[in-house]
Every structure is written in C-alpha cells, then in structure tokens.
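# Breakdown of the fold
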Amino acid sequence: MTDHDEVDLDSGPDPADFAAADPEPDWTDGADPAVRAVGIGPGAAEFLTPRGREAIRSADVVIGFETVLDYVADAATGETLACGYRDEAATLATFADRIADGATGVAVLMGDPNHSGYQFVGKVQRAVADALEADDDRSPVQVVPGISSLQVAASRARTPMEATTFVTLHKSGPLDDDLERLRADAGERHLLVLPRPYDWMPGDVAAHLIEAGADPDATALVLEKLTHDDETVTHLSLGALADEAGGDEPEDSRFSDLSVLAVRRP
C-alpha cells in the first residue's frame, strides 16, 4: 500500500471522491472487473440479491468488516478477510495482493454501496489499482447495488424519495456540507439521515436542526435494525428527540448504531 492509503479524512483526500471520480466503465466488451463491491442489504438474508449472493459465492476471496462478513458467511465459499478500522489498510493490502496474483475478489458492504459506502469502495479501488499496476485506466471495481436501509426506512416512514433529502453522516471526516443540506431543507422536504455512531446520533441531529430553526413539533421516527427480527420504530416529536442529545459513547444514546432518522415535513 502506498502512503495515500493512510489518510486523515479531516484534511483529505476523501476515498469517496476517488471512487466517484469517473463513471463506471462498460464491462460488456468481454472483460471482467477484478473486484465487485457488493451491497448485502440491511442484514436480513432475504434482502441479499441473487446477483450479490452469486458474486460472493463465486469469489476466491471476500473482504469486508467483520460484522458485514458475518451476515454472508453462508454465501462465501472462498477465503474471507475480515478487517476493522485499525487493521483496514493492512487487510486491504493483503486483499489487493490476492487480486494481483489472479484471484477473483468481492468487497462486501452493508446495504447499498451507493448509500454511505463510497469511502470503503474508494479504498478498495485504490488498493487494487495500485497492486495491479495496470495500463488500463478503467476502474478495477464494479459496484453491485443492494437494498439500502434507507429504502426500507422511506417505506416505513412514508417519505417518498423524490420528496426527501437524504444525508449520510455515517462516514469519517468533516460533516459541514451534509449538515448544511439538512438545515436548508428542514421543513421544506422530508429528511432521511444515517447517523454517525456515536457523536452524531438521532438526538444530536434533532438538536442541531432545532437550533437552526426547525419545528420542534415535527414528526420524527428513529428506525432501528430494519429487516431484522428485533426491528423497532420509535415515533416522537423532533423536540423530544432533541432532549436526548449529547455524548459520544454507546451508553449515551438509547438508539443503536443501526439506526435511521426520518423527519417528516409538516
């Protein structure tokens, strides 16, 4: 791995920008991508698409965060490489070496890679491109979309996506632009937010919106563990939710790290 993989996301560059720098290439010329980035859905097995399951089943090596790999353990037949934030760079280097040696690879992400997954897609893409040292300019990674918890949340909250502003805070680095979008659209459009554990949880987002002038009586829903057996949906006012703001540890919020916040426009 090269030095640019050890990146301070508070100063950049953001791997998501690398992943989104160009459109995906046309793979219909007979070539296959070196790696597929597969969205596994929100967690329930039936929400993993058949195409995603087949990609995982046929891969020689599958990489992902341990909690994500656990959801697809029954589908993976090849080597699995589990990583956490501390060993992410080293595990990506191992994965990229396997691909350079001719293995077929899959990177697994929760939900849909297009919803809050581009930082990991960018890290995978850069690691594999560096290892391959290919003359071909096209990306070595093909994204296989999945079902996002945002889609499920929109259904539960009845917030049509075309009338909704979606923001993910579930990423590393600064959030100023994302929070500004929420402030600008509060009261005008429905809001769907992926909180960041645990410094920007639903209560913190609610307090931020009210401070910016949002209606405390607006209807808020916190949707947790969507599609899982222990799924819960909590209905309350934005003001009541804001009373729960504060803290940056798991015990500081009654909501889990698998939460989506929906704020309905009046």
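Below or above, wherever it landed, is the structure these notes cover.

What counts, and where the lines are drawn
Residues numbered from 1 in each chain as written. Predicted model: local features only at pLDDT ≥ 70, side-chain atom pairs only at ≥ 80, totals over all residues. Heavy atoms only, no water. Helix = DSSP H or I, 4+ residues; strand = E, 2+ residues; numbered from the N terminus. Buried < 20%, exposed > 50% of the residue type's maximum accessible area, 1.4 Å probe, protein only. Polar contact = N/O pair within 3.5 Å; in protein donor to acceptor, adjacent residues only side chain to side chain. Pairing = 2+ DSSP bridges. Axes fitted to C-alpha atoms, helices over the stretch in contact; angles between N-to-C directions. Expected span 1.5 Å × (residues − 1). Salt bridge = Lys/Arg side-chain N within 4 Å of Asp/Glu carboxyl O.

Residue placement: T227 occurs in the loop between strand 8 (219-224) and strand 9 (232-237). Look at T227 and you get buried, because its relative accessible area is 12%. Engagement of the side chain of T227 in a polar contact is seen with the backbone nitrogen of A44, the distance being 3.4 Å.

Ordered in space as 3-2-4-1-5, the five strands form an open sheet in which the pairing is parallel. Sheet topology places strand 3 (79-83) and strand 5 (141-144) at the edges, where each strand pairs with a single neighbour. Taking each pair of neighbouring strands and ignoring which way they run, the sheet shows an average axis angle of 20°.

The end-to-end C-alpha distance of helix 4 (residues 88-100) is 18 Å, a good match for the 18 Å that 13 residues give at a rise of 1.5 Å each. Downstream of helix 4 by one or two residues, G102 has phi in the positive range, about 110°.

Here strand 8 lies mainly inside the structure; five of its six residues are buried. Both strand 8 and strand 9 contribute to a ladder of six bridges, which runs antiparallel. Bridge assignment links L223 to a residue of strand 9, and that residue is V233. Of the strand pairs in this sheet, strand 8 and strand 10 (residues 259-263) are connected by five bridges, and their pairing is antiparallel. Looking across to strand 10, one finds that V222 is bridged to L261.

Time to look at the pattern of salt bridges. Side-chain pairs of opposite charge can arise whenever the charged atoms involved come near each other. Counting across every chain of the model gives ten salt bridges. A salt bridge links E79 to R98; the nearest nitrogen and oxygen atoms lie 2.9 Å apart. Here E79 is found in strand 3, whereas its partner R98 is found in helix 4, with 19 residues between them in sequence. With a relative accessible area of 32%, E79 lands in the partly exposed category. With relative accessibility at 32%, the residue R98 sits in the partly exposed group.

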